[in-house]
Amino acid sequence: MIQKNIKYFLPLSILALTTLFSCKKQFQPDNYVAYFGGEIINPQDKYVLFMKDETILDTIYLDKNNRFLHKFDSLAPGLYTFKHTPEFQYVYFDKNDSLMIRLNSLDFDNSLSFCGRGDEKNNFLIDLYLKNENDRSNLYEILDKDLNTYSKAIDSSYENRKEYYLKRKSEINWTPSFDAVAQAGVDMHYFYKKELYPYAHEYKTGENICPKLPKDYYSYRKSLNLNNPELGSFSPFIKYVSALLNNVTYEKGKCKLETKSLEKNIQKLNIADTLLKDQNVKNIVLNNIAYMYLLEDQNMYNNKKFIDRYIELSSDEEKHHEVTQIYNAVQNLKVGNVLPKVDLIDTNSKEVSITDYLNNKETVIFFWTTHAESHIKSVHEKVLALKTKYPNINFIAINVNDSKENWLSTFNKYNFKDIIELKATNFEEIKKTWVITKIQRTIILNPDGTIKNAFVNLFDAHFDKNL
């Protein structure tokens, strides 16, 4: 990736590059000055947000050439994120690192590369992320396989990833602190797939695989460190802990969790409180549990009881406000309500409304994005099969967070015939109003446009029962 993209850094100002690459000799032992800059092609906004654990530290504005450069007078070593709406990615700073990025917002992750002091470890992180995302995209295809087939597939992938990690570790000779993040990116992704299989397999096939799991299936749990504060907002860690909490709240001998169970989800909160000692890590996990629960259980009494326990355990008052906002948005999506309006356009860039397409028929609304490429194909194939089976039901696809150009170009790659394709013009609006946090989410409307069920997973083995 470095060789492929290094030529693109040449147009950056000589002054900026001189500052970055000469700073090694300027730094003193007690000096934590660092630099972060770069160039964004096809920017979607006028600035970049620099963040730590979801807290915005700086807003860095682009200049007229879509470039930016920011000096931090003191930046503690660690894992940070930078966000250019609606995308974000990780960046790791050791003491006095000076990093430049270049990316194209139309292909955010695949085009991202780093240059400067500290670039090698960050290019490793983005390469690992892309490998894991590609691996995760293909995961759906093997979740219905038998345990032996599934285990062989994920074990082989894990060995390849470990080999890659060890090779780069020896070449770059990075710090122990960064190594904890790098190793978590490898291990947690694998452990996530181990935790995911039992309940995802049953969800997809209806088969309870739990009695067939070997006694040592979860043996890796004994060596886990779940309290490294540096991992609190690291997505491989969050995904793993979420899957772990699902598993440990199952009834003995069963793999399927009743996601609408108030008691089970409060139990999740309690287990997280016991399991996680670092308060920042605990808060992030508790927030995630709250987000997921509020999207599943629409009983107002249950929601209130759950939120009371969540607030009791979490010390993150800012997130308390966000969770309350989600709670209020969820109430607007209850059965029988009219679906709240969001701004949409059709393929001719005409402003449209969902009601324009109802035709007095039951309607299924599903979502996709090019940032989950394997999902594009699988969700459209699923819908085409459903259209054949249920010809009197409308199916509407909504792209949630691509540029208009990227959205339209996708139609040249895939055959989406016979499906109404619309695009949300404001990602934040549709995310908040319709509470879109999972791309598998589906909304079903009655013929009169009222909500029949706003929280359905299209890939649920029993999805048809909702129609």
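Residues numbered from 1 in each chain as written. Predicted model: local features only at pLDDT ≥ 70, side-chain atom pairs only at ≥ 80, totals over all residues. Heavy atoms only, no water.

### Quick word on the nonpolar core
Logical step 1: F237, Y240, F306, I354, F367, I398 and W434 are the most contacted members of the largest nonpolar core, which totals 93 residues.
Logical step 2: Broken down by element, this core gets its largest block of residues, 13 residues, from helix α6 (residues 176-205).
Logical step 3: In contact with F306, not counting residues within four places along its chain, are L262, N265, I266, L269, I289, A290 and Y293. (Core = buried A, V, L, I, M, F, W, Y, C linked by side-chain atoms within 4.5 Å. Buried < 20%, exposed > 50% of the residue type's maximum accessible area, 1.4 Å probe, protein only. Helix = DSSP H or I, 4+ residues; strand = E, 2+ residues; numbered from the N terminus. Contact = heavy atoms within 4.5 Å.)

### Regarding the pattern of salt bridges
Logical step 1: Evaluation of the coordinates by the stated rule reveals 22 salt bridges.
Logical step 2: Linking E362 and K452 is a salt bridge whose minimum nitrogen-to-oxygen distance equals 3.1 Å. Of this pair, E362 sits in the loop between β10 (351-352) and β11 (363-368) while K452 sits in strand β15 (residues 451-457), and the two are 90 residues apart along the sequence.
Logical step 3: You can call K452 partly exposed: its relative accessible area is 28%.
Logical step 4: Each of E39, R67 and R102 takes part in a single network of salt bridges with overlapping partners. (Salt bridge = Lys/Arg side-chain N within 4 Å of Asp/Glu carboxyl O.)

### Digging into the side chain of R168
Logical step 1: Relative to the assigned elements, R168 resides in helix α5 (residues 147-172).
Logical step 2: What makes R168 buried here is its relative accessible area of 17%.
Logical step 3: Ignoring any residue separated from it by four or fewer positions in sequence, one finds R168 in contact with E120, F124, N173 and W174.

### What about the layout of surface pockets?
Logical step 1: In this structure, the second largest pocket occupies an estimated 310 Å³ of space.
Logical step 2: As for the second largest pocket, its lining consists of 21 residues, and the residues nearest its centre are Q44, T85, P86, N401 and D402.
Logical step 3: Those elements giving two or more residues to the lining of the second largest pocket turn out to be β13 (420-424) and α14 (427-433).
Logical step 4: Of the residues belonging to the lining of the second largest pocket, the class tally is six nonpolar, 10 polar and five charged. (1 Å grid on protein atoms, 1.4 Å probe; cavity = no way out; pocket = protein on both sides within 12 Å on 5 of 7 lines; lining within 4 Å. Points joined across faces, edges and corners; volume = space filled by probe spheres on them. Nonpolar A, V, L, I, M, F, W, Y, C, P; charged D, E, K, R; others polar.)

### With respect to the packing of aromatic side chains
Logical step 1: Overall, the coordinates contain 34 aromatic pairs when judged by the stated rule.
Logical step 2: Here the aromatic rings of F36 and F50 are separated by 5.5 Å at their centres, their planes lie at 50°, and the arrangement is tilted. In this pair, F36 is assigned in strand β1 (residues 34-41) and F50 in strand β2 (residues 47-52), connecting sequence segments 14 residues apart.
Logical step 3: Taking the relative accessible area as the measure of exposure, F36 reaches 0% and is therefore buried.
Logical step 4: By the ring-pair criterion, three or more aromatic residues cluster together here, those being F36, F50, F68, F72, Y80, F82, F93 and F108.
Logical step 5: Above the ring of Y140, the side-chain terminus of K204 is found at 3.6 Å from the ring centroid.
Logical step 6: Positioned above the aromatic ring of Y218 is the side chain of R221, whose terminal nitrogen or guanidinium carbon lies 3.8 Å from the ring centre. (Phe/Tyr/Trp six-rings, centres within 6.5 Å; stacked < 30°, edge-to-face > 60°. Lys NZ or Arg CZ within 6 Å of the ring centre and 35° of its normal.)

### Considering the pairing of strand β4 (residues 67-72)
Logical step 1: Burial along β4 is one-sided: F68, H70 and F72 are buried, while R67, L69 and K71, pointing the other way, are not.
Logical step 2: Pairing between β1 and β4: six bridges, direction antiparallel. Across the sheet, G37 pairs through a bridge with L69, a residue of β4. (Pairing = 2+ DSSP bridges.)

### Description of the sheet that holds strand β7 (residues 98-104)
Logical step 1: Taken in spatial order, the four strands line up as β4-β1-β7-β8 in an open sheet, and their pairing is mixed. Bordering the open sheet on either side are β4 and β8 (113-117), each of which pairs with just one other strand. Averaged over all pairs of adjacent strands, the angle between strand axes in this sheet comes to 15°, irrespective of strand direction.
Logical step 2: The pairing of β7 with β8 spans five bridges and is antiparallel. Bridge pairing in β8 places R102 opposite S113. (Axes fitted to C-alpha atoms, helices over the stretch in contact; angles between N-to-C directions.)

### Examining the sheet that holds strand β3 (residues 55-61)
Logical step 1: Ordered in space as β3-β2-β5-β6, the four strands form an open sheet in which the pairing is antiparallel. Two strands bound the open sheet, and with one partner strand each, they are β3 and β6 (87-93). Pairs of neighbouring strands in the sheet enclose a mean axial angle of 25°, with direction left out of account.
Logical step 2: By the bridge criterion, six bridges tie β2 to β3 in an arrangement that is antiparallel. Looking at β3, one finds that Y47 is bridged to Y61.
Logical step 3: Most of the contacts of helix α4 (residues 119-137) go to β6, to which it runs at about 140°, and overall it touches β5 (78-84) and β6.

Purely geometric stuff here, so don't read any function into it on its own.
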